[in-house]
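The residues making up each chain are set out below.
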Amino acid sequence: MQYFLELSCSGLVRGSIYALIALGYTMVYGIIQLINFAHGEVYMIGAFIALIVSGVLTIYGFSGFSILILAALIAAVYAAAYGYTLEKIAYRPLRNAPRLSPLISAIGMSLFLQNYVLLAQTPDFLPFPSLIPDFDFMEPIAHIMGSAELVILVTSAITMIALTVLIKYTRIGKAMRATQQDMTMARLVGVNVDNVISMTFVIGSVLAAIGGVLVGSYIGQINFYIGFMAGVKAFTAAVLGGIGNIPGAALGALVLGLAESYAAGYVSSAYEDVFAFGVLVLILILRPAGLLGKAVKQKV
Amino acid sequence: MRKSVIKKLVMVALLSLVVPVTGFAADTIKIGIAGPHTGDLAPYGIPTKEAVEMIAAEVNAAGGVLGKQIEVLPMDDQCKPEIATNAATKLVSQGVNLVIGHVCSGATKAALGIYNEAKIIAISPSATNPPLTQSGEYPNFYRTIAPDDDQGKLAANFVADKLGAKKIAIIHDKGDYGKGFADFAQQFIEAGGKAKVVLFEGVTPGAMDYSAVVQKIRKEGADAVIFGGYHPEASKLVAQMNKKRMKIPFVGPDGIKGDGFLEIAGADAEGVYATGPMDVTSLDVNKKARADYVKKYGKEPGTFFDQGYAAMQSALNAIKVAGGTDYAALEKALKSSYVDTAVGKIKFDKKGDAEGVGFSVFQVKGGKFVELK
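Residues numbered from 1 in each chain as written. Chains lettered and ligands numbered in written order. Predicted model: local features only at pLDDT ≥ 70, side-chain atom pairs only at ≥ 80, totals over all residues. Heavy atoms only, no water.

**Student:** Help me understand the overall build of chain A in this model?
**Tutor:** Summing up its helical and strand segments, chain A has 11 helices and two strands in all. Overall, chain A shows an N-to-C arrangement of helices and strands of α-α-α-α-β-α-α-α-α-β-α-α-α. In terms of overall dimensions, chain A is globule-like: its C-alpha atoms have a radius of gyration of 19 Å, near the 19 Å expected for 300 residues. By principal-axis analysis of the C-alpha atoms, chain A measures approximately 60 × 50 × 40 Å. Looking at chain A residue by residue over its 300 residues, the buried ones come to 53%. Intrachain contacts of chain A at a sequence separation of at least 6 include 77% that bridge at least 24 residues. In the form shown here, chain A has an accessible surface area of approximately 13,600 Å², with 71% of it arising from carbon and sulfur atoms. (Helix = DSSP H or I, 4+ residues; strand = E, 2+ residues; numbered from the N terminus. Rg over C-alpha atoms; globule rule 2.2 N^0.38 Å. Buried < 20%, exposed > 50% of the residue type's maximum accessible area, 1.4 Å probe, protein only. Contact = heavy atoms within 4.5 Å. Areas by Shrake-Rupley, 256 points an atom, 1.4 Å probe, with all protein chains shown as cover.)

Below, the structure written as structure tokens:
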């Protein structure tokens, strides 16, 4: 039983990181039907910015938690700028092109950003300071769930609630929903669709950057390539939950994280990816639109 | 380009048939040096050739061995088994008394049968393939380098004997290097019978975290972890073991014994064990050999220089002790008499592996790897 709890905990932690990244995929897909393959790289860049910022702040004598929050904020701002620019130079010019063109452009941006960081920083792994302090009250159950894991779970829960509120109750949220339903109609009633799309990229990038900072301080190392695998997994989670559907992405991410953790714990960690993608195949056979996705008839 | 290379090779082959004839007249001790002296693997063969030639020149200047001059016969095998058999046949026909070589395991294996039939001893500085000695097929084979499985054996014995662990978890990264090490470690733990392997599992390099595996190690009640792989995964594992409050010894191969691991794992690295090649640069013999080399060639010696130097030293010692080049006497001398070489004080065990060379266990103490004596 304790073993099951331990595995569930590590699965939930992994799942909530996937969720933070998956939300960006699903929001962008929901609005412009584009799979933004460069999204994983935004997550990686967020982690790098946080590493640089925390290095600087440590020199200035800041400590633990304040560094984490400041680093996350600055990383989020930077990542937002990257997301915004990405959309502006790589996707907006191709808005009316055939759907494959922005997809290729996305893959190109992903490779570009990876190699940019590879050249500008280093191909080696870099140590990431453990910014999340050990809380005393977590010590009795540290072997099941540590402080870092608690912070990850709480942060991603708060972030997701904030996102839900933003989309349900604010003007920009309403505009986003309108654009998602029908871009032309939204434009006709006076929604600035270009701004809404930019906003979507910005929000997605902020979420990814938060994920990057959390992962960095949780596992203690980053390199230019971490975005690739995380991006693939998060994309899988988004598809699992029904791509374009926001609660679906979160649910899909948690299912994926738990499936990987149970597979590693009860079968073999050598095959955790096999199980993760096995779950994906199974769900897509049973529910082709994903867990929460609605089957949409193709407009002809 | 290619044609001219072939032409040159043919000429070299022809010349090498002509030149040694003059050597037959004098009463000398003939030592063959076989290995890659041309081609892309030449950097592995040349340092041994230079080491042997250096010692030979030195000994000849001092009057030779048992009153005889040493004649060195280099023979190129390019690390290719088919060329190695030719090289071996040629050396045998030139009447060599002993061979230093070959360098690559595959080439060595191909040549050894020929030397064995001719009752010629071969001492390799670098062929690490375990069956070369362990199969017992080549009683004429010796080496001054530790075999591939030595590291796994050392880790297994260290964990079972020195640390006294009873239940051992073996984790690897599914790669050739990591899984190879893990396989050998498992094999030797099971053969030793003192401890049990409770978990043998691969992890995916680059996975987000390894906390599920760490929990599994705890569930199996392991009291030590042996890890096969490189430093990124190792640092992730030790960091997460610490986060999960698991305080059991962690032993890795030489893939983690470096600054990369210390830097990334940081404070979590403290107390971690790693096996790695013994530090021989502090030995007097080694210092002298390297200084001589730098004086003669004006650069630092290359790969397998120490081992090649040691191979020639043990060969000469054996000839001195045996009082000649008789096969049985040489064999007895190699296996019984210790000699101070550039890789330490060694003699050979009954299978032909050098005792006293190879790997030691290191531990991270105060942010540095320290050799455990």
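More follows now that the structure is in view.
**Student:** What should I look at first to understand the overall build of chain B in this one?
**Tutor:** Within chain B, the secondary structure is distributed over 13 helices and 15 strands. For a compact globule of 373 residues, the expected C-alpha radius of gyration is about 21 Å, and chain B comes in at 23 Å, within 12% of that figure. Projected onto the principal axes, the alpha-carbon positions of chain B cover approximately 75 × 50 × 40 Å. When the 373 residues of chain B are sorted by exposure, 51% land in the buried category.

**Student:** I keep staring at the environment of B:Gly255 and nothing clicks. Help me out?
**Tutor:** Residue and element names in this part refer to chain B. Mapped onto the fold, Gly255 is located in the loop between β9 (250-252) and α10 (259-265). Along the sequence, Gly255 and Asp161 sit 94 residues apart, while their C-alpha atoms lie 23 Å from each other. Leave out the neighbours within four places in its chain, and Gly255 touches Tyr177, Gly229, Tyr230 and His231.

**Student:** Help me out: how do you make sense of the interface of chain A and chain B in this one?
**Tutor:** Often, the extent of an interface is quoted as the loss of accessible area on bringing the components together. Listed per partner, the contact involves 35 residues of chain A and 26 residues of chain B. Here chain A and chain B share five salt bridges between them. Here chain A and chain B share 15 residue pairs in polar contact (both at pLDDT 80 or more) between them. Mapped by element, the contributors of at least two residues to the side of chain A that touches chain B are α1 (2-32), β1 (126-127), α5 (147-169), α8 (193-219), α9 (226-241), α10 (246-267) and α11 (272-286) of chain A. In terms of residue count, α1(A) provides more of the side of chain A that touches chain B than any other element does, seven residues in total. When the residues that make up the side of chain A that touches chain B are grouped by side-chain class, the tally is 19 nonpolar, nine polar and seven charged. (Salt bridge = Lys/Arg side-chain N within 4 Å of Asp/Glu carboxyl O. Polar contact = N/O pair within 3.5 Å; in protein donor to acceptor, adjacent residues only side chain to side chain. Nonpolar A, V, L, I, M, F, W, Y, C, P; charged D, E, K, R; others polar.)

**Student:** What is the right way to look at α11(A) in this model?
**Tutor:** One full turn of an α-helix is made of 3.6 residues, so residues set three or four places apart face in the same direction. Relative to the 21 Å expected for 15 residues at 1.5 Å per residue, α11(A) spans 21 Å between its end C-alpha atoms, a close match to the ideal helical length. Buried residues in α11(A) make contact with α1, α9 and α10 of chain A. (Expected span 1.5 Å × (residues − 1).)

**Student:** When you look at a nonpolar patch on the surface in this model, what are you seeing that I'm missing?
**Tutor:** Side chains of A:Met1, A:Phe4, A:Leu5, A:Tyr266, A:Val267, A:Tyr271, A:Val274 and A:Phe275 sit close together on the surface and give an oily, nonpolar patch of about 840 Å² of accessible area. Within the secondary structure layout, A:Tyr271 lies in the loop between α10 and α11. (Patch = residues over 30% accessible without salt bridge, like charges linked within 9 Å, V, L, I, M, F, W, Y side chains within 5 Å.)

These figures come from the coordinates and say nothing about function on their own.
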